[in-house]
Amino acid sequence: MSSDPVTLGPTYLDPEHFQALASGAGDGQTIAALWRSERSWRLIVLRALLDGCATRPDAAGPLAPVADAWQLLAQAHGADPAATEDVLAQPQVGIWAAHTLRRLHDDPDPTVPLWLDVGYLHALAAASAVRAGLSFDVDIPVRDGAAVLPTVGAASIPPTVPVVRVRARAGQVDLVSTARTVRCGAADDPNWHPPIIVAVDSDGVELRVELHDRDVYRDLRGPSPPQPLSASDVVRWRALLAQAWGLLVSQQRGGAQAIAGILRSVAPLPPRARFRQLSASGAEAFGGVLLSEPDDAAQLAVTLVHESQHHKLGALSHLLTLVEGGGDVRYYAPWRDDPRPLAGILQGAYAFVGITRFWRTYRHDAPLDERAAADFEFALWRRQTLDVLRMMAASGRLTGHGQRFVDTLHTELKAYQEDPVPAVALDAAGVVAVDHRAMWRGHNMSIQPADRDALAAAWERRDPTAETGFGRTVLAAPPEGLLDARAVLRRYLLVDPAAFGRLCAAPDEVGATVAGATEADLALVAGDLPRARAAYLDELHEDAASVHGWVGLGLTHLDRPADPVPRALLGYPELVLAVVDGLRSRGDTTVGPDPIELATWVGRLIPDRDLDTVDPAGWLAA
């Protein structure tokens, strides 16, 4: 690694690798090809970063010039190429490089000196040189009280100290500052923190990852202060990873081998509300996952499948264009609250194909008390994912490669529709699917003021021929609507009936456990439709613009398929909300419309249609 041109290796995929990614997990050769491509991508970004630093005299601040850090990195590569390549392949390196490159070009942040970000290059050079056994001196930044040598470890330094010197002599490495000296690798020094490595094996298939808790670039969302894991935290993560890995290897050995070939690091976050785990990965951080502590091993297994699918498609998208530019067009994604561009839809669909594949096999081997929930997850995601694949295939915005990719996924998901599923799980999945889509439309769809006011005026006349076919736009970034509250309650009922019973015993407190849920939702999920209907009507009496109330009311009428009420409230809730908004815009706020009468009127204006039909044309973002 010098400033001379570097042979990057092949940056393409053979046809069989493309097919392997589209039709399955991808074998070892396919994953190796993705790593070669990502190495090229990473080096290109590093080259751009170096060029950007050359134009900024403030790039290095109190540190050695950037060229000196690069030279040390090149020396380490010459001494131990494998170690240096391992350092540079770490997911956080991609996050750092992309973040710093954006700062160099687009994001001057006066609150954080540029050299604090640029100086991570010095830390990478020092870590590579330590692993190569070189003798050297180089200063690296201290950030939020941590001096990090990626893959080597981290030292706790008083946060008032901005810089430490890494001094290596004959294999002995010290981090020296005005406050203290920390010896690298010293087991008896509480200020030295070795990497947290988790290695788990199941039936001869090994997964090895590092738990990142101190590196400032471990979080895809931006530089984050250290969040040190306690000893008990590490024990829990080791146990969960071991259990999840056993599930993956036993259910999908080939898929587990692909995950083992991709995954290098996990950045843990504290637990979130039950059934609402946070996980994320990104094209800039191949091999890294950010995730909150899971509820159980099955949830973690699903998450590892989910994020590895994102990694594979992200790497593929660095090589091939699968989706044509869609400008401001956005689409419905049943796994998101916000409207998404088609490229984002493809990412989600690919992830949920993997998730559906997992539930398809696991539901047969799950413990008896988990099978109803596993059947539900399989039924839900095979339905939702197939609908999205159909939408993408009909969108007209896929390239030739993209069309072949989606067609292959569609063939797989279509075959899954023949798998028998118990009626209870099938019905629950259908309700959740309709609920989410209606909530999404109600929260995100917007109608032009003139059309809104015309519809409100038609309602006041009770015009049976009013126009409803006017255009809609969608919000590009809607407020969080908690669209999944009722789905979470259904998961409680399926996974932990006793916990659901406790929620029902204190219905006025359900929102404290499941944000966004109400007493009406509890009654609905428990099957008490008259009580739920009355509670949703009360909610609409208090707030006639409540999307939650309108859609909930529609769900209480699902047992009446010929009724115009569910056709309006679950198929076109934005029309009902437009009438309410139009009345308010005209100053008519004294008495809200009768919900059943309004829903019936709107439902009779619109054609009968499948409630989960997805529009392949998408909608313009407002």
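Predicted model only: the values in this text are computed from it and were never measured.

**Considering the overall build of the protein**
Here is step 1: When helices and strands are tallied, the protein shows 24 helices and 16 strands.
Here is step 2: Taking 2.2 N^0.38 as the reference for a compact globule, 622 residues should give roughly 25 Å; the C-alpha atoms of the protein span a radius of gyration of 27 Å, in line with that estimate.
Here is step 3: Counting only C-alpha atoms and orienting by the principal axes, one finds that the protein spans roughly 85 × 55 × 50 Å.
Here is step 4: By the burial criterion, 58% of the 622 residues in the protein qualify as buried.
Here is step 5: A sequence separation of at least 24 residues applies to 71% of the contacts in the protein between residues at least 6 apart.
Here is step 6: Roughly 25200 Å² of accessible area belongs to the protein as shown, and the carbon and sulfur atoms make up 53% of that amount.

**Let's talk about the packing of helix α14 (residues 423–444) against helix α21 (residues 547–555)**
Here is step 1: Interhelical geometry of α14 versus α21 gives an angle of 145° and a closest axis separation of 10 Å. Between α14 and α21 the crossing geometry is right-handed. Residues V431, D435, A438, M439, G442 and H443 of α14 lie in contact with α21, whose contacting residues are V547, H548, V551 and L555.
Here is step 2: Here the residues of the contact of α14 with α21 sort into 6 nonpolar, 3 polar and 1 charged.

**Quick word on the confidence of the model for the protein**
Detailed reading of predicted coordinates is not advised where the pLDDT is low.
Here is step 1: Here the protein shows a mean pLDDT of 93. Residues at 70 or above account for 96%.
Here is step 2: The low-confidence segment residues 1–9, where pLDDT is below 50, has 20 contacts with residues more than four positions distant or belonging to other chains.

**Notes on the pairing of strand β9 (residues 205–211)**
Here is step 1: The element β9 is largely enclosed, with a buried count of 5 among its 7 residues.
Here is step 2: Summarising the sheet, strand β8 (residues 196–202) and β9 pair through 7 bridges and their orientation is antiparallel. Paired with V200 across the two strands is L207, which belongs to β9.
Here is step 3: Taking the residues between adjacent antiparallel strands as the criterion, β8 and β9 are bridged by 2 residues, where D203 takes a positive phi near 55°.
Here is step 4: Strand direction decides the pairing type here: β9 and strand β10 (residues 265–269), joined by 2 bridges, are parallel. Opposite L211, over in β10, you have V266 as the bridge partner.

**Concerning empty space enclosed by the protein**
Here is step 1: Considering all chains together, one arrives at 3 cavities of 30 Å³ or more under this definition.
Here is step 2: Computed from the structure, the largest cavity encloses a volume of approximately 130 Å³.
Here is step 3: Considering the residues around the largest cavity, the lining is formed by 13 residues, among which Y120, P141, R143, A146 and V216 are closest to the centre.
Here is step 4: Among the secondary structure elements, those contributing two or more residues to the lining of the largest cavity are α7 (120–132), β1 (136–141) and β2 (146–149).
Here is step 5: Looking at the lining of the largest cavity, its residues break down into 9 nonpolar, 1 polar and 3 charged.
Here is step 6: In this structure, the second largest cavity spans a volume of roughly 80 Å³.
Here is step 7: In terms of lining residues, the second largest cavity is bounded by 14 residues, among which I95, R218, S265, G288 and V289 are the most central.
Here is step 8: Of all elements in the fold, only α5 (91–105), β10 and β12 (288–292) reach the threshold of two or more residues within the lining of the second largest cavity.
Here is step 9: Looking at the lining of the second largest cavity residue by residue, the classes come out as 9 nonpolar, 4 polar and 1 charged.

**Re a negative patch on the surface**
Here is step 1: Side chains of D295, D296, D369 and E370 sit close together on the surface and give a patch of like negative charge.
Here is step 2: Relative to the elements of secondary structure, D369 occurs in the loop between α11 (342–365) and α12 (371–394).

**Examining the pairing of β1**
Here is step 1: Counting buried positions along β1 yields 5 of 6 residues, so the element is predominantly enclosed.
Here is step 2: As paired strands, β1 and strand β4 (residues 163–169) are joined by 6 bridges and run antiparallel to one another. By the bridge assignment for β4, V138 is matched with V166.

**Thoughts on the side chain of T385**
Here is step 1: Note that T385 resides in helix α12.
Here is step 2: Using a relative accessible area of 0% as the deciding quantity, one classes T385 as buried.
Here is step 3: Filtering out sequence-adjacent residues up to four positions away, T385 remains in contact with W335, A349, F352, V353, T356 and L413.

**Details of the packing of aromatic side chains**
How two aromatic rings sit relative to each other is given by the distance of their centres and the angle of their planes.
Here is step 1: Summed over the entire model, instances satisfying the criterion amount to 15 aromatic pairs.
Here is step 2: Aromatic rings pair up to connect F18, Y350 and F405 into one cluster.
Here is step 3: Stacked on the ring of W35, the Lys or Arg R264 has its end atom at 4.2 Å from the ring centre.

**Topic: the sheet that holds strand β3 (residues 153–156)**
The pairing of strands in a sheet comes from backbone hydrogen bonds and takes either a parallel or an antiparallel form.
Here is step 1: A sheet is described by the order of its strands in space; here 3 strands give the open sequence β2-β3-β7, paired in antiparallel fashion. Pairing within the sheet leaves two strands with one partner each, and these edge strands are β2 and β7 (192–193).
Here is step 2: Looking at chain direction, β2 and β3 are connected through 4 bridges and run antiparallel. Residue pairing in the sheet places A147 in a bridge with A155 of β3.

**Here we look at the pattern of salt bridges**
Here is step 1: One pass over the full model with this rule turns up 34 salt bridges.
Here is step 2: Of the charged contacts, one joins R183 and D174 as a salt bridge, the two residues approaching to 2.8 Å between their closest N and O atoms.
Here is step 3: Ionic pairing is found between R452 and D453, a salt bridge with its closest N-O pair at 2.9 Å.
Here is step 4: Residue classification places D453 among the partly exposed positions, given a relative accessible area of 25%.
Here is step 5: Look at the salt bridges and you will find they share partners, linking D86, R131 and R264 into a network.

Cut-offs used in this document
- Residues numbered from 1 in each chain as written.
- Predicted model: local features only at pLDDT ≥ 70, side-chain atom pairs only at ≥ 80, totals over all residues.
- Heavy atoms only, no water.
- Helix = DSSP H or I, 4+ residues; strand = E, 2+ residues; numbered from the N terminus.
- Rg over C-alpha atoms; globule rule 2.2 N^0.38 Å.
- Buried < 20%, exposed > 50% of the residue type's maximum accessible area, 1.4 Å probe, protein only.
- Contact = heavy atoms within 4.5 Å.
- Areas by Shrake-Rupley, 256 points an atom, 1.4 Å probe, with all protein chains shown as cover.
- Axes fitted to C-alpha atoms, helices over the stretch in contact; angles between N-to-C directions.
- Left-handed = near helix turned anticlockwise from the far one by under 90°.
- Nonpolar A, V, L, I, M, F, W, Y, C, P; charged D, E, K, R; others polar.
- pLDDT = per-residue confidence, 0-100.
- Pairing = 2+ DSSP bridges.
- 1 Å grid on protein atoms, 1.4 Å probe; cavity = no way out; pocket = protein on both sides within 12 Å on 5 of 7 lines; lining within 4 Å.
- Points joined across faces, edges and corners; volume = space filled by probe spheres on them.
- Patch = residues over 30% accessible without salt bridge, like charges linked within 9 Å, V, L, I, M, F, W, Y side chains within 5 Å.
- Salt bridge = Lys/Arg side-chain N within 4 Å of Asp/Glu carboxyl O.
- Lys, Arg positive; Asp, Glu negative; His and termini not counted.
- Charge placed at Lys NZ, Arg CZ, Asp CG, Glu CD.
- Phe/Tyr/Trp six-rings, centres within 6.5 Å; stacked < 30°, edge-to-face > 60°.
- Lys NZ or Arg CZ within 6 Å of the ring centre and 35° of its normal.

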